[in-house]
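The primary structure of each chain is shown beneath.
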Amino acid sequence: MRNLFKTLILLAFLFLGLNSNAQCKRFTKKQCIPELKEYTFNGQLNTAILSRGEDAELMLSFYSGQKYRMYVCSEETLEGTTFKILDIDKNIIYNSEGKESNVFDFKVPSTQQLIIQVSVPGQSNTHSLDFQGCVSVLIGFIED
Amino acid sequence: MKSIFDEIKESKEVATSEENADVMMIGNKITLEMSDELLNNLIEKVADIRTEIVD
Amino acid sequence: MKKILIAISVMLFLSSCEDEKKASNLEVDKLIESNKKQEERTEKIENIIYNIPSPTETVSILKRAGAKYVFDFPNDPLKIDNYQTTAQKGLNMGVYGADLTYATVFNKTTETSFYLTCVTKMGKKLNVESIFNESVNERIQDNVDNRDSMQVIINETFWELDAYLKEQERENVSALIIVGGWIESLYIATQFVKLNPENTEMKQRIAEQKYSLKNLMGLVNSSKNKAGMEEIYSSL
């Protein structure tokens, strides 16, 4: 009986893990990638399943001589998700808070690494699936 | 552990953030300097690693 | 130098063996324990994500810096049958993917077809043939003369591949593909500058790869491939 219980828990874990990844993939493909429009999607997979109150951090490098479109795309359950862009010394150089959308077009004067901090508002103790969702950070590029 | 890339000299100017008619420019102005010796060394190392992978 | 491949092979074998063992190992306690470890690792990867520009972006940058298509640079398509271990298959999937991009960006339609065949074949060898299916092949064949559409299709297909591998908990293979693609792009750039030492813009683009190497180290440190990447890092 004990083993059966453990097996069921294990199967539930595996199923939830696979299911949320697949769901995140479908969501990103349908809802997020099309928003890059004339920018060429760079093919990077930057996705995370987050709960309310959780943060994710990305370290990406960007080339000079290109224009970029960054889109931080989150599921409805994570309404209010914002992001900040920091330089390598952790100085904030862009904050999406108070902006109309999570789409940001920019370029860099020199090739460099930038840090993207994604924040989902709310209490961090709500680990219910109702408060979980997918966040995708998409990058598109175009010749400047 | 130090890599060839760590030996590339890097100088950074204060972060600039300017908005122009096109799109916003964000981030630092960074200048990289790589000596010919370093580059030649890198060419050789990359070719070695690549040979290991494909052969 | 053999150490690099050996180390990468070891980390990959460890992981692929784990996959294979799953079916035969019926001890639930062990499975739950390994699942816990998997959960911890996934959490790490999901909350701190490292990534590097795709070969499409890098090759486009190199083209603007004056690179040309040199037929000797890409890997020989006939070597595909030599790759048997998971490490060899993963790394060379990245290599052929970058070569496919190189041919596409320079509008070399015959070479594009060769490398497309390689990537599709390697997909079968890596058990990810569902990604390189009929509809993707049809899309590619219909657009083989259209460079921009081809870049979009290749990027989307490699994105699908990455997502699929992560769904299957094969992050190690995904990391190897990224490493292979990065090495091949850097190889093309360094070989070009060897032939054209006066090209300062190309030198600059090569120097800039120091940032990608840092991110690549972060990516590999997040998964289980640390040992192999440290070998590459120390070699460079």
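Engineer: Which parts of the structure should I look at to understand the overall build of chain B?
Structural biologist: When its secondary structure is counted, chain B shows one helix and three strands. Taken over 55 residues, chain B has a buried fraction of 44%. A separation threshold of at least 6 residues defines the contact pool for chain B, and within that pool the share at least 24 residues apart is 31%. Just so you have it, chain B exposes about 3,200 Å², and 44% of that area is on carbon and sulfur atoms.

Engineer: So what exactly am I meant to see when it comes to the state of the cysteines here?
Structural biologist: Throughout this description, disulfide means a covalent bond between two cysteine sulfur atoms. Residue and element names in this part refer to chain A. With the rule as written, the count across this model stands at two disulfides over all chains. Between Cys-24 and Cys-134 runs a disulfide, and the two sulfur atoms are separated by 1.9 Å. Classification of the bridge connecting Cys-24 and Cys-134 rests on its S-S torsion, roughly 65°, and on that basis the disulfide is right-handed. Here Cys-24 is found in helix α1 (residues 2–32), whereas its partner Cys-134 is found in strand β9 (residues 132–143), with 110 residues between them in sequence. For Cys-24, a relative accessible area of 4% corresponds to the buried category. Judged by its relative accessible area of 1%, Cys-134 is buried. The disulfide partner of Cys-32 is Cys-73, and the S-S distance across this bridge is 2.1 Å. Judged by the sign of its S-S torsion, about -70°, the cystine formed by Cys-32 and Cys-73 is left-handed. Of this pair, Cys-32 sits in helix α1 while Cys-73 sits in strand β4 (residues 66–74), placing them 41 residues apart in sequence. For Cys-32, a relative accessible area of 0% gives the class buried. The class for Cys-73 is buried, based on a relative accessible area of 3%.

Engineer: Would you mind showing me how to read the interface of chain C and chain B here?
Structural biologist: By a widespread convention, an interface's size corresponds to the accessible area lost as its parts come together. Listed per partner, the contact involves 36 residues of chain C and 24 residues of chain B. Around 2,900 Å² of area is buried between chain C and chain B when both sides are counted, 69% of it from carbon and sulfur atoms. At the surface where chain C touches chain B, the tally comes to four salt bridges. Counting residues per element, the side of chain C that touches chain B draws most heavily on helix α8 (residues 171–195) of chain C, at nine residues.

Engineer: Looking at this structure, how should I read the packing of helix α7 (residues 147–167) of chain C against α8(C)?
Structural biologist: All names here are of chain C. Interhelical geometry of α7 versus α8 gives an angle of 150° and a closest axis separation of 7 Å. In terms of axis orientation, α7 runs roughly antiparallel to α8. In this structure, α7 crosses over α8, and the sense of that crossing is left-handed. Packed against α7, whose contacting residues are Phe-158, Leu-161, Asp-162, Leu-165 and Lys-166, the element α8 presents Glu-171, Val-173, Ser-174, Ile-177 and Ile-178 at the interface. Of the residues assigned to the contact of α7 with α8, the class counts are six nonpolar, one polar and three charged.

Engineer: Teacher, can you tell me more about unusual backbone geometry here?
Structural biologist: Glycine aside, residues mostly have negative phi, and peptide bonds are mostly found in the trans state. All names here are of chain C. In this structure, Asn-127 is a non-glycine residue whose phi angle is positive, near 60°. Residue placement: Asn-127 occurs in the loop between α5 (109–125) and α6 (134–143). Backbone geometry places Glu-169, a non-glycine residue, at a positive phi of 60°. Overall, the relative accessible area of 17% leaves Glu-169 in the buried class.

Engineer: I'm lost on the sheet that holds strand β1 (residues 48–50) of chain C in this one. Help?
Structural biologist: Strand-to-strand pairing in sheets goes through backbone hydrogen bonds, with the strands running parallel or antiparallel. The sheet built from five strands is open, its strands ordered β6(A)-β5(A)-β8(A)-β3(A)-β1(C) with mixed pairing. Two strands in the sheet have a free side with no partner beyond their single neighbour: β6 (92–95) of chain A together with β1 of chain C. Going across the sheet, the axis of each strand differs from the next one's by a mean of 20°, ignoring polarity. Bridge count for strand β3 (residues 55–62) of chain A against strand β8 (residues 112–119) of chain A is eight bridges, and the pairing is antiparallel. Bridging across to β8(A), Ser61(A) finds its partner in Gln113(A).

Engineer: Explanation requested: the nonpolar core in the structure shown.
Structural biologist: The nonpolar side chains of soluble globular proteins are, as a tendency, buried together. If you look at the biggest cluster of nonpolar residues, it comprises 76 residues, and the most contacted ones within it are Leu161(C), Trp182(C), Met202(C), Ile206(C) and Leu236(C). Residue contributions to this core peak at 13 residues, all from α8(C). Dropping the residues within four chain positions of it, Leu236(C) is found in contact with Ser3(B), Ile4(B), Phe5(B), Leu42(B), Lys45(B), Val46(B), Ile49(B), Trp182(C) and Leu213(C). Counting 30 residues, the second largest nonpolar core, distinct from the first, contains Phe62(A), Ile93(A), Val108(A) and Leu114(A).

Quick notes on the rules
- Note that residues are indexed from 1 along each chain, following the sequence as it is written.
- Chain letters start at A and ligand numbers start at 1, both assigned in the order the entries are written.
- For a predicted model such as this one, the threshold for reporting local features is a pLDDT of at least 70, and the threshold for listing and counting side-chain atom pairs is 80 or more; totals across whole chains, interfaces and linings nevertheless cover every residue.
- Excluding hydrogens and water, the side-chain figures rest on all heavy atoms present in the structure.
- Numbering of helices and strands starts at the N terminus; helices are DSSP runs of H or I of at least 4 residues and strands are runs of E of at least 2.
- Exposure classes here rest on a 1.4 Å probe applied to the protein chains alone. A residue is buried below 20% of its type maximum, exposed above 50%, and partly exposed in between.
- Every residue pair with non-hydrogen atoms within 4.5 Å of one another is taken to be in contact.
- Each accessible area is a Shrake-Rupley result for a 1.4 Å probe, and residues are judged covered by the shown protein chains and nothing else.
- Note on disulfides: each one is a pair of cysteine sulfur atoms within 2.5 Å.
- Summed over both partners, the accessible area lost on bringing two parts together, with a 1.4 Å probe, is the buried area.
- Salt bridge, as used here, is a side-chain nitrogen of Lys or Arg placed within 4 Å of a carboxyl oxygen of Asp or Glu.
- Only the stretch in contact is used when a helix axis is fitted, and all axes are lines through C-alpha atoms; the angle between N-to-C directions ranges over 0 to 180 degrees.
- In what follows, roughly perpendicular refers to angles from 65 to 115 degrees, roughly parallel to angles under 35, roughly antiparallel to angles over 145, and oblique to any angle outside these ranges.
- Two helices cross in a left-handed way if the nearer one is turned anticlockwise from the farther one by less than a right angle. They cross in a right-handed way if the turn is clockwise.
- By the convention adopted, Pro, Cys, Tyr, Trp, Phe, Met, Ile, Leu, Val and Ala count as nonpolar, Lys, Arg, Asp and Glu as charged, and the other residues, Gly among them, as polar.
- Between any two strands, pairing holds if DSSP finds at least two bridges.
- Among buried residues, those of type Ala, Val, Leu, Ile, Met, Phe, Trp, Tyr and Cys that are joined through side-chain atoms within 4.5 Å constitute a nonpolar core.

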